[in-house]
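Chain and residue survey
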Amino acid sequence: MEHKQPKTTDCLETISLKGLTLAPSQVLGGVRLVPVLRKQVREDLRLTKRPYYEDIAAIQIDNKTAYYSYIPHAFIADWTSDGSPAVAYGTQIRSNKSTKTSDGTAHDLGFMTARVMKKMRAREDRNRLRFLPMDVSLEGFLSLHFGGPNIIWEEYSRAAIRDGLSPRSETTIPGRWIKGLEDALRVFEIHTNQVGSLVFVGDALASAFIVSHPDDYRALHETLLTDDYGELLYYYGLYAQENCLDPDAIDVRRVRSMKDLRSEVARVRSDWDKLHRLMSDNLLDCPVRHEMVYRMGPFQLQRFMTELNPKAENHIGESIVRKNGTLEYLKTYRLSAAQCRRAYLLMQLADSNWSVEACAEKLSSTRNELIFRLEKAGFGYLFHRHVLEEVHSKLR
């Protein structure tokens, strides 16, 4: 399966919180939640959750490729094209005969249950789309140069030439495993116009989750517990201590009237907003590679990946963007250093037409050192055994 190039003319080049503000954070142990507030709430896009209860789900990507994962739920997006209020899925009054779903078939295998689906996202009605949150972006990450070498270089094994990177896998942990996150989600205040949260663990940005409508966020708040996170964040949660960040408080010397007080409150809120944007600078307003996944009236479902810099934080995610560029939905996943390293090496190889010598020269290393790095990154199966043995003997 080849990774499709993004349609850059239709896609955002950066993740921008246009029309959104970041409220003062709430901290419990190593978990910091930053409320995301929307200034102008529109009613023409609604998101709801459809739960799945199977142990594993299999999704057919194409005739030769399938995606396997634990999938706790799908998101159902309902929208209108004329700006009129949309009705969230499950609250409409309509005949069941006119309702179709694309959830595939559930199977009970005795030792486990499984759901088999045909598509990662599917249109269920004229203005309704079912998609699998987080898995849309993870599938895009796993399919990165999935086809493998397109030139039969002598180093690569027959299996690599025939099957590419198949099978390709990555490991994640659920949010429920991160110490303190469940308690934080349960006890922290949700603002009236809150539409999302930035989740920090050990003051490292773990994920961002934003939806279009405050009522939808309240209903989906707990899905942060079933989202995927990198293993590193699990350890951050174990060892992180509560960190106090205090921008300048209200200066009582400047307050002589209600107008002064409002001005000071606005200044403090602005300072918090700037601080949280600074803490998220490896995601917000950074260049990203976008791919348009589905066009849904005036909205687009996209997935994206920040520039894979092995020395910085890197994120993948998915978004729904309005025609005017307003971010209506965002869900991100922070790549671990190992995941970033694997993707970075793959991209360098693909950019060098899978020539190991050319790629090694580009990375200022030797051929043997590059093959060793690829083997350590988990791609040893791409090479002939005698090539790996030769590399080991020369580097010993």
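Under an unreviewed UniProt entry, the name given to the chain is ARG and Rhodanese-Phosphatase-superfamily-associated domain-containing protein, and the organism recorded is Gimesia fumaroli.

Among the surface-exposed residues, Tyr235, Leu238 and Tyr239 lie close enough to one another that they form a single nonpolar patch of about 330 Å² accessible area. Its place among the elements puts tyrosine 239 in helix H5 (residues 231-239). Given the relative accessible area of 61%, tyrosine 239 is considered exposed.

Within the fold, valine 41 resides in the loop between strand S3 (31-38) and strand S4 (45-51). Considering only alpha carbons, one finds valine 41 and asparagine 193, 152 residues apart in sequence, at a separation of 8.1 Å. When neighbours within four sequence positions are excluded, valine 41 is seen to be in contact with Ser212, His213 and Pro214.

Structurally, the chain comprises domain 1 (14-89 + 105-245 + 254-337) and domain 2 (355-395). Here domain 1 and domain 2 have C-alpha centroids that lie 35 Å from each other. Across the contact, eleven residues belong to domain 1 and ten residues belong to domain 2. A combined buried area of about 960 Å² lies between domain 1 and domain 2, and 58% of that area is made up of carbon and sulfur atoms. Counting the surface domain 1 buries against domain 2, the share from its top three residues, Glu155, Tyr156 and Leu165, is 55%. The interface formed by domain 1 and domain 2 holds one salt bridge in total. Residue glutamate 155 is joined to arginine 367 by a salt bridge in which the shortest nitrogen-to-oxygen separation is 3.4 Å. Viewed at the interface, domain 2 and domain 1 are joined by six residue pairs in polar contact (both at pLDDT 80 or more).

Calculation rules
- Residues numbered from 1 in each chain as written.
- Predicted model: local features only at pLDDT ≥ 70, side-chain atom pairs only at ≥ 80, totals over all residues.
- Heavy atoms only, no water.
- Patch = residues over 30% accessible without salt bridge, like charges linked within 9 Å, V, L, I, M, F, W, Y side chains within 5 Å.
- Areas by Shrake-Rupley, 256 points an atom, 1.4 Å probe, with all protein chains shown as cover.
- Salt bridge = Lys/Arg side-chain N within 4 Å of Asp/Glu carboxyl O.
- Helix = DSSP H or I, 4+ residues; strand = E, 2+ residues; numbered from the N terminus.
- Buried < 20%, exposed > 50% of the residue type's maximum accessible area, 1.4 Å probe, protein only.
- Contact = heavy atoms within 4.5 Å.
- Domains from an automatic or database assignment.
- Buried area = accessible area lost by both parts, 1.4 Å probe.
- Polar contact = N/O pair within 3.5 Å; in protein donor to acceptor, adjacent residues only side chain to side chain.

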